[in-house]
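Structural characterization, general
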Amino acid sequence: MVSGLINENPIVYERKERVRDVRTDSSNTNELSVDAIDQLEVFDILIAHHIRDIKDPEHPYSLEQLKVLTEDSVEVDDTKSHVRVTFTPTVEHCSMATIIGLCVRVKLMRSLPPRYKIDIRVAPGTHATEAAVNKQLNDKERVAAALENPNLVEMVDECLSPSFE
């Protein structure tokens, strides 16, 4: 993690237990068909299973435990192939906001079908440089440049690596 913590004492919340309905409709076996994706499925990509712990870059807690990401922060419009994730930094001057957003973007890029447009946003009014962070996280060239930086890729991979609690 990072030395010199920005938020030394974050509030840590209990994880929400979820029971997911498993799709049992086997009537459509066409492998070329498009499966619909919903809000809970995207949240599960971000939070649940082996990815339940997209870790905060500063703390040994998941973004769910810090309420940086919640189920309600995910919007999916499957008909338009659009996913929006709005995250809430723990403090308004969080210097890790772009890294957190980049982690969320990379996780979704790796997990969702390529037809989806991914929009990552800082929740309105929760960060001092909200507009700049949003612009950075949704600019394809800036994201591509960030993913060419080995130090940033290492930090993102560390945040995305599974933890074994």
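Predicted model only: the values in this text are computed from it and were never measured.

In this section: the nonpolar core. Ranked by size, the top nonpolar core spans 33 residues in total, and within it V85, F87, L108 and I120 carry the most contacts. Counting only elements with at least two residues in this core, the list comes to β2 (82–87), α2 (97–111), β3 (117–122), α3 (130–137), α4 (140–146) and α5 (150–160). Sorting elements by how many residues they give to this core places α2 first, with eight residues.

Here the structure, examined in full by the defined rule, presents zero disulfides. The closest cysteine sulfur to the non-disulfide-bonded C103 is located on C159, 3.9 Å from its own sulfur. C103 sits in the buried class, given a relative accessible area of 1%. Residue class for C159 comes out buried when judged on its relative accessible area of 2%.

This part is about the side chain of S81. On the secondary structure map, S81 appears in the loop between β1 (74–77) and β2. For S81, a relative accessible area of 12% translates into the label buried. Side chain to side chain, S81 and R115 meet in a polar contact 2.8 Å long. Filtering out sequence-adjacent residues up to four positions away, S81 remains in contact with R115, Y116 and K117.

Parameters at a glance
Residues numbered from 1 in each chain as written. Predicted model: local features only at pLDDT ≥ 70, side-chain atom pairs only at ≥ 80, totals over all residues. Heavy atoms only, no water. Core = buried A, V, L, I, M, F, W, Y, C linked by side-chain atoms within 4.5 Å. Buried < 20%, exposed > 50% of the residue type's maximum accessible area, 1.4 Å probe, protein only. Helix = DSSP H or I, 4+ residues; strand = E, 2+ residues; numbered from the N terminus. Disulfide = S-S within 2.5 Å. Polar contact = N/O pair within 3.5 Å; in protein donor to acceptor, adjacent residues only side chain to side chain. Contact = heavy atoms within 4.5 Å.

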